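Each chain is listed here by its residues.
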Amino acid sequence: SVTGSWAVTGEMRSYRKRSGLFNPLPVSRPVNQGGWGALEVALRYSQLDLTEGTVDGGEMDVFSLGVNWWLTRRAQFTVDYRDISLDRGGIEGDSSGLSARLLLMLD
């Protein structure tokens, strides 16, 4: 998979070398302090081979486009669109979906 994101409002994520993870997006002007939060656009492409030995699960490609609104450093509202293609045993199928979620991170 390949993932990329861009913080439209200019914030930058820091990277934790030890764990290999990015920190949450820092929010310069959180909504609980009178600001608008931070806005981020994300793209992702994933390819998955679900066939192994006697199991023929097929091959799947997933393209995702998401918009993340970070209200604070620990609260995020996301809208995500996915387009999914599956080729299994010569039968091809496509689906797409739109999802929304509210994420609250606890320490």
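Just above, that's the structure.
All of these numbers come straight from a predicted model, not from anything done at the bench.

### A word on the pattern of salt bridges
It is possible for side chains of opposite charge to pair when their charged atoms get near one another.
Then comes step 1: As enumerated under the stated definition, the model contains two salt bridges in all.
Then comes step 2: The salt bridge partner of Glu40 is Arg13, with a shortest N-O separation of 3.0 Å. Note that Glu40 is positioned in strand E4 (residues 38-52) and Arg13 in the loop between strand E1 (2-7) and strand E2 (15-16), a separation of 27 residues in sequence.
Then comes step 3: On the basis of relative accessible area, Glu40 is assigned to the buried category, the value being 2%.
Then comes step 4: Here Arg13 falls in the partly exposed class, since its relative accessible area comes to 30%.
Then comes step 5: With its nearest N and O atoms 3.0 Å apart, the salt bridge here joins Arg82 to Asp80.
Then comes step 6: Relative accessible area serves as the criterion here: at 38%, Arg82 is assigned to the partly exposed category.

### Concerning the side chain of Ser64
Then comes step 1: As for its position among the elements, Ser64 is in strand E5 (residues 55-72).
Then comes step 2: Excluding anything up to four places from it in sequence, Ser64 contacts Ala42, Leu43, Arg44, Asp80, Tyr81 and Arg82.

### Structural notes on the pairing of strand E6 (residues 75-88)
Then comes step 1: Bridge count for E5 against E6 is 13 bridges, and the pairing is antiparallel. When the sheet's bridge partners are listed, Trp70 is paired in E6 with Gln76.
Then comes step 2: Taken together, E5 and the strand that follows it, E6, pair antiparallel across an intervening segment of two residues.
Then comes step 3: Bridging between E6 and strand E7 (residues 91-104) involves 14 bridges; their strand directions are antiparallel. If you follow Arg88 over to E7, its bridge partner there is Ile91.
Then comes step 4: Here E6 folds back onto E7 in antiparallel fashion, the turn holding two residues, of which Gly89 has a positive phi close to 60°.

### Examining the nonpolar core
Then comes step 1: Ranked by size, the top nonpolar core spans five residues in total: Ala7, Leu25, Val27, Ala38 and Trp70.
Then comes step 2: With sequence-adjacent residues up to four places away left out, Val27 is seen in contact with Glu11, Gly37, Ala38, Trp70, Leu71, Thr72 and Arg73.

### Overview of the sheet that holds E6
Then comes step 1: One open sheet holds the five strands; their spatial order is E1-E4-E5-E6-E7, and the pairing between them is antiparallel. Strands with a single pairing partner mark the edges of an open sheet, and in this sheet they are E1 and E7. Looking at each pair of strands side by side, their axes are set apart by 10° on average, direction ignored.
Then comes step 2: With six bridges joining them, E1 and E4 adopt antiparallel strand pairing. Its bridge partner being in E4, Thr3 is matched across the sheet by Arg44.

Definitions and limits used
- Residues numbered from 1 in each chain as written.
- Predicted model: local features only at pLDDT ≥ 70, side-chain atom pairs only at ≥ 80, totals over all residues.
- Heavy atoms only, no water.
- Salt bridge = Lys/Arg side-chain N within 4 Å of Asp/Glu carboxyl O.
- Helix = DSSP H or I, 4+ residues; strand = E, 2+ residues; numbered from the N terminus.
- Buried < 20%, exposed > 50% of the residue type's maximum accessible area, 1.4 Å probe, protein only.
- Contact = heavy atoms within 4.5 Å.
- Pairing = 2+ DSSP bridges.
- Core = buried A, V, L, I, M, F, W, Y, C linked by side-chain atoms within 4.5 Å.
- Axes fitted to C-alpha atoms, helices over the stretch in contact; angles between N-to-C directions.

Taken by themselves, the reported measurements are silent on function.
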